[in-house]
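# A look at the structure
Each chain is listed here by its residues.
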Number of protein chains: 2
Amino acid sequence: MYKINFDRFFTYSFSSDCVIFGYKDGQINMLSVNRDVEPFKGKWAIPGDLVYPDEDLLDSAKRILFELTNLTDIDLHQAETFGNPNRHPQGRVITCAYFALLRIDDFHIQAASWAKEVKWIPIHELPEMAFDHNLILNSTYSLLKQKLAIEPVCFDMLPEKFTLSEMQRLYEYAFDTEMDKANFRKKIKSIPLISHSEKQKNVKHRPASLFSFDEITYEKLVAENHYSFKMY
Amino acid sequence: MYKINFDRFFTYSFSSDCVIFGYKDGQINMLSVNRDVEPFKGKWAIPGDLVYPDEDLLDSAKRILFELTNLTDIDLHQAETFGNPNRHPQGRVITCAYFALLRIDDFHIQAASWAKEVKWIPIHELPEMAFDHNLILNSTYSLLKQKLAIEPVCFDMLPEKFTLSEMQRLYEYAFDTEMDKANFRKKIKSIPLISHSEKQKNVKHRPASLFSFDEITYEKLVAENHYSFKMY
DNA sequence: ATTACTTATTGTTAAATTGACAATAATTCC
DNA sequence: GGAATTATTGTCAATTTAACAATAAGTAAT
């Protein structure tokens, strides 16, 4: 075991793919790149790149995210690793998927040299992508949904200040189910939220109150074992 | 992106590690190998091996499992992938962890050429292991616990015919909490179980009824959306 | 055979949560 | 001012949970 023969294994290569999710207009989108190079030139793809020789996997995913968004300090979550020997037409490339959750309106997409185009595409409207990227997206989205149920990651996709209805719509979308407004509010009343005096603007109906996630209190409660997030 | 230069990346190697969990005497054990080769000779480790050039990741984990147990047709679950550039003293080895759940008494451990000794060790008694294997174990065990809450994988570790108290003790161990017997029985009454007329033997108290998991009915219920396993 | 001991199994009841739905509030638009 | 729209709060029955009591079926000791 672990008798490494680099000659024998030289055809390996390792990449990371960064599935970047964002929420807008009631839909979850993925930041998609249109490939400017073969193979799969012209096809949409999940942004990814080979891992550098001395680079940690997570750092590699962070680098990809940074190149497209200029953002640092974003939480990245490891998803599934894909290693089918035939998944890459040019050799053996094993790829580890990560996902990030962003507020779409908080930044501008960066141009990337290796892409013809970069844009947000609603995940349910994505066409057949390059490589096994549809597989990767589906697997990663499943993990996202799992995480939405047990960790407060929804707030990474919602605006800094959001209404409870916006939060509810995100969960309704992700869990593909309609929820009762009153009951939703009861369910989330134990989540530590900061209530702002400020109200929603430019809506043609009663404006809703704005809330923020109270991360400080949340971390404290969790550390003291007084609380566990759950939305199932 | 994806302009592969194999020369530049030739130092990569890829392995899979197979965390094999088994339940015995009220504890979850890991099938551990004592390394007979450097590095970390003499240290306990998670069984693992390099992935063959044309081998799928999952197949590689299955091969490791088979070498130690002679078992095939065991469900393997992918866990975290570890790729810290310094995790292996002899080069860059990225490893993908899988885990399997076994009935300890249903098979015999096989000798393995690359190990001095192979044995079950209760996970809470494992010493400092080779490489980053304590890290891998902890991460994988967390994922197991997560899965125990939402999928009927506990039955892969319990005997084919088990008592409800045995099942309860497994959950109490995994979730590190005591549960009320009566309430536990109420909670699991929706899980499709086959009740056997046979009873527990050789106990010095009232013998409990034996049950089996009714996988056929479970799969049917899930397919028809009539049921979803949950144990939180 | 009787009794003590141990764990299995079922039942009871109050408390908490959930689900369905009703009522009221605060805006804009006309 | 009234209609339309969404926000917010309240009600109540049904369901689930939690704590605990009661009974059952074995073994072991007397």
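Residues numbered from 1 in each chain as written. Chains lettered and ligands numbered in written order. Predicted model: local features only at pLDDT ≥ 70, side-chain atom pairs only at ≥ 80, totals over all residues. Heavy atoms only, no water.

## Focus: helix 3 (residues 164–175) of chain B
Residue and element names in this part refer to chain B. For helix 3, with 12 residues, the first-to-last C-alpha span of 16 Å sits near the 16 Å given by 1.5 Å per residue. Taken residue by residue, helix 3 has Leu 164, Met 167, Gln 168, Leu 170, Tyr 171, Tyr 173 and Ala 174 as its buried positions. As for helix 3, its buried residues are in contact with strand 1 (12–24), strand 2 (27–35), helix 2 (133–150), helix 4 (181–187), strand 8 (193–199) and strand 9 (209–213). One or two residues past the end of helix 3 sits Asp 176, with phi positive at roughly 50°. (Helix = DSSP H or I, 4+ residues; strand = E, 2+ residues; numbered from the N terminus. Expected span 1.5 Å × (residues − 1). Buried < 20%, exposed > 50% of the residue type's maximum accessible area, 1.4 Å probe, protein only. Contact = heavy atoms within 4.5 Å.)

## Quick look at the pattern of salt bridges
Residues and elements named next belong to chain B. Applying the stated criterion across every chain yields a total of 16 salt bridges over all chains. We note a salt bridge from Lys 147 to Glu 151, for which the minimum N-O separation is 3.6 Å. The exposure class assigned to Glu 151 is partly exposed, which follows from its relative accessible area of 29%. The salt bridge involving Lys 161 is made with Glu 198; its shortest N-O contact spans 2.8 Å. (Salt bridge = Lys/Arg side-chain N within 4 Å of Asp/Glu carboxyl O.)

## Quick word on the domain arrangement of chain A
Residues and elements named next belong to chain A. In terms of domains, chain A is made up of domain 1 (12–150) and domain 2 (155–223). Using only C-alpha atoms to locate each centre, domain 1 and domain 2 end up separated by 27 Å. Counting from both sides, the interface comprises 16 residues of domain 1 and, opposite them, 13 residues of domain 2. Three residues, Tyr 23, Arg 103 and Leu 148, lead the burial of domain 1 against domain 2; their summed loss comes to 52% of the area buried on that side. (Domains from an automatic or database assignment. Buried area = accessible area lost by both parts, 1.4 Å probe.)

## So, the protein's contact with DNA strand D
Taken together, 18 residues sit near DNA strand D, with Lys 181, Ala 182, Arg 185 and Ser 209 of chain A together with Arg 206 of chain B positioned nearest. Sugar plus phosphate, as a fraction of atoms of DNA strand D within 4 Å of the protein: 54%. Measuring from a phosphate oxygen of DNA strand D, one finds a side-chain N or O atom of Ser 165 of chain A at 3.0 Å. Contact distances for DNA strand D include 3.1 Å between a base nitrogen and a side-chain N or O atom of Arg 206 of chain A. Where the surface near DNA strand D is concerned, the elements lending two or more residues are helix 4 (181–187) of chain A together with helix 4 of chain B. Sorting elements by how many residues they give to the surface near DNA strand D places helix 4 of chain A first, with four residues. Residue classes in the surface near DNA strand D are distributed as five nonpolar, five polar and eight charged. (Near = heavy atom within 4 Å. Polar contact = N/O pair within 3.5 Å; in protein donor to acceptor, adjacent residues only side chain to side chain. Nonpolar A, V, L, I, M, F, W, Y, C, P; charged D, E, K, R; others polar.)

## A short note on the protein's contact with DNA strand C
Close to DNA strand C lie 18 residues, the nearest being Arg 206 of chain A together with Lys 181, Ala 182, Arg 185 and Ser 209 of chain B. The protein-proximal atoms of DNA strand C, defined as those within 4 Å of the protein, are 54% sugar or phosphate. Arg 206 of chain A places a side-chain nitrogen or oxygen 2.9 Å from a base nitrogen of DNA strand C. Those elements that place two or more of their residues in the surface near DNA strand C are helix 4 of chain A together with helix 4 of chain B. If you tally residues by element for the surface near DNA strand C, the top one is helix 4 of chain B, at four residues. The class makeup of the residues in the surface near DNA strand C is five nonpolar, five polar and eight charged.

## Digging into the packing of aromatic side chains
Residues and elements named next belong to chain A. Per the counting criterion, the structure on display carries 22 aromatic pairs over all chains. Ring centres of Phe 107 and Trp 120 lie 6.3 Å apart, and the angle between their planes is 70°; on these two criteria the pair is classed as edge-to-face. On the criterion of sequence distance, the pair formed by Phe 107 in the loop between strand 6 (92–102) and strand 7 (115–122) and Trp 120 in strand 7 is long-range, its members being 13 residues apart. Residue classification places Phe 107 among the buried residues on the basis of a relative accessible area of 10%. Seen from their ring centres, Tyr 171 and Phe 184 are 6.5 Å apart, and the 50° between their planes marks the pair as tilted. In this pair, Tyr 171 sits in helix 3 (residues 164–175) while Phe 184 sits in helix 4, placing the two residues 13 residues apart along the sequence. Of the two residues examined, Tyr 171 and Phe 184, each falls in the buried class. Cluster of aromatic residues (ring-pair linked, three or more members): Phe 155, Phe 162, Phe 213, Tyr 218 and Tyr 227. Cation over ring: Arg 63 sits above Tyr 52, and NZ or CZ is 3.7 Å from the ring centre. (Phe/Tyr/Trp six-rings, centres within 6.5 Å; stacked < 30°, edge-to-face > 60°. Lys NZ or Arg CZ within 6 Å of the ring centre and 35° of its normal.)

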